[in-house]
Amino acid sequence: MWDAGWDEIFRRNEGGLYPPEELVRTMARWYGGEPGHPGVKVLEIGCGSGANLLYLARQGYEAIGIDGSGVALDIASRRLAAEGLAATLHHGDVGALSFPDAGIDCVIDIECLYANSFADSTRIVSEIHRVLRPGGRFFSKHFMVGLSAESEARLDGEANTLVGVTGGVLRQGYGIARLLSEEEIPLLYGRFDEIEYDWVIRTDRNRRLTVKEWLIQCRK
């Protein structure tokens, strides 16, 4: 359920240059913290303007990114070239991944799934499971219910899916925003053999807003 509003968002703001601390910590736990991971294929869904791909490429992973925004991918390509780094970029639908079965070692989602309906997210997770090799890992950072957000309405049949975000910590103008409850975690990620999850909760704007995020780790 990619929305063309993301192109305009990236035109106005190219996005950050650094990965979230939770991704760095997770990858170090799984693969070691020092650079040098040749042959380990890591796919980022919703890679945006490339902050996480830059980190992965610097660490020596075979970095692959897919996004629906051509504007974001142009920024990512420029940033990679400026540092002499390599990553494979795909312009496409994260719900229809153009990769063979069982060919990817690790998939990361840094708040891509939340911008899709629950039905579409289920399809995306199914595709992630398909392209991961046996034993492959999936890290998903996903906004939680209780996050400070205002919206005009809810998507029909999805009480936690916001339509027309108008305030709070989320960006505006890109379609829907789906928040995830603990009860929904096994429904969305349950096809994986192992699921572990933690959370990060912080405040923003001098404690006026609350940011709540799940840190979900899966293994096929």
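Read on for a plain summary of the structure. In this text the structure is predicted, and so the values were computed from the model without any measurement.

Burial in helix 2 (residues 21-31) covers these residues: Glu22, Leu23, Thr26, Met27 and Trp30. Buried residues of helix 2, seen end-on, are gathered within an arc of 125° and therefore sit on one face of the element. Relative to its buried face, helix 2 has exposed residues pointing more than 90 degrees away, namely Glu21 and Arg29. One or two residues past the end of helix 2 sits Gly32, with phi positive at roughly 100°.

With respect to the helices, strands and loops of the structure, Phe143 is situated in strand 5 (residues 132-143). Each C-alpha atom, one on Phe143 and one on Arg208, is 17 Å from the other, the two residues being 65 residues apart in sequence.

Running from amino to carboxyl end, helix 2 crosses helix 3 (residues 51-58) at an angle of 30°, the nearest separation of the two axes being 11 Å. Classified by the interaxial angle, the pair formed by helix 2 and helix 3 is roughly parallel. Our pair here, helix 2 against helix 3, has a crossing hand that is right-handed. Residues Leu23, Val24 and Met27 of helix 2 lie in contact with helix 3, whose contacting residues are Asn52, Tyr55 and Leu56. The residue makeup of the contact of helix 2 with helix 3, split by class, is five nonpolar, one polar and no charged.

Our next topic: the pairing of strand 7 (residues 161-168). Where strand 6 (residues 149-154) and strand 7 come together, five bridges link them in antiparallel fashion. Note on strand 7: the bridge partner recorded for Glu150 is Gly167. Where strand 6 hands over to strand 7, the hairpin turn is made up of six residues, of which Gly157 adopts a positive phi near 80°. Sheet topology places strand 7 next to strand 8 (residues 176-178); three bridges connect them, and they run antiparallel. From the neighbouring strand, Val163 faces strand 8, where its bridge partner is Ile176.

This brings us to the sheet that holds strand 6. Taken together, three strands build an open sheet; the order of strands is 6-7-8 and the sheet is antiparallel. For this open sheet the edge positions go to strand 6 and strand 8, each flanked by a neighbour on one side alone. Across this sheet, the average inter-strand angle for adjacent strands is 60°, counted without regard to direction.

Cut-offs and rules
Residues numbered from 1 in each chain as written. Predicted model: local features only at pLDDT ≥ 70, side-chain atom pairs only at ≥ 80, totals over all residues. Heavy atoms only, no water. Buried < 20%, exposed > 50% of the residue type's maximum accessible area, 1.4 Å probe, protein only. Helix = DSSP H or I, 4+ residues; strand = E, 2+ residues; numbered from the N terminus. Arc of directions from axis to C-beta. Axes fitted to C-alpha atoms, helices over the stretch in contact; angles between N-to-C directions. Parallel < 35°, antiparallel > 145°, perpendicular 65-115°, else oblique. Left-handed = near helix turned anticlockwise from the far one by under 90°. Contact = heavy atoms within 4.5 Å. Nonpolar A, V, L, I, M, F, W, Y, C, P; charged D, E, K, R; others polar. Pairing = 2+ DSSP bridges.

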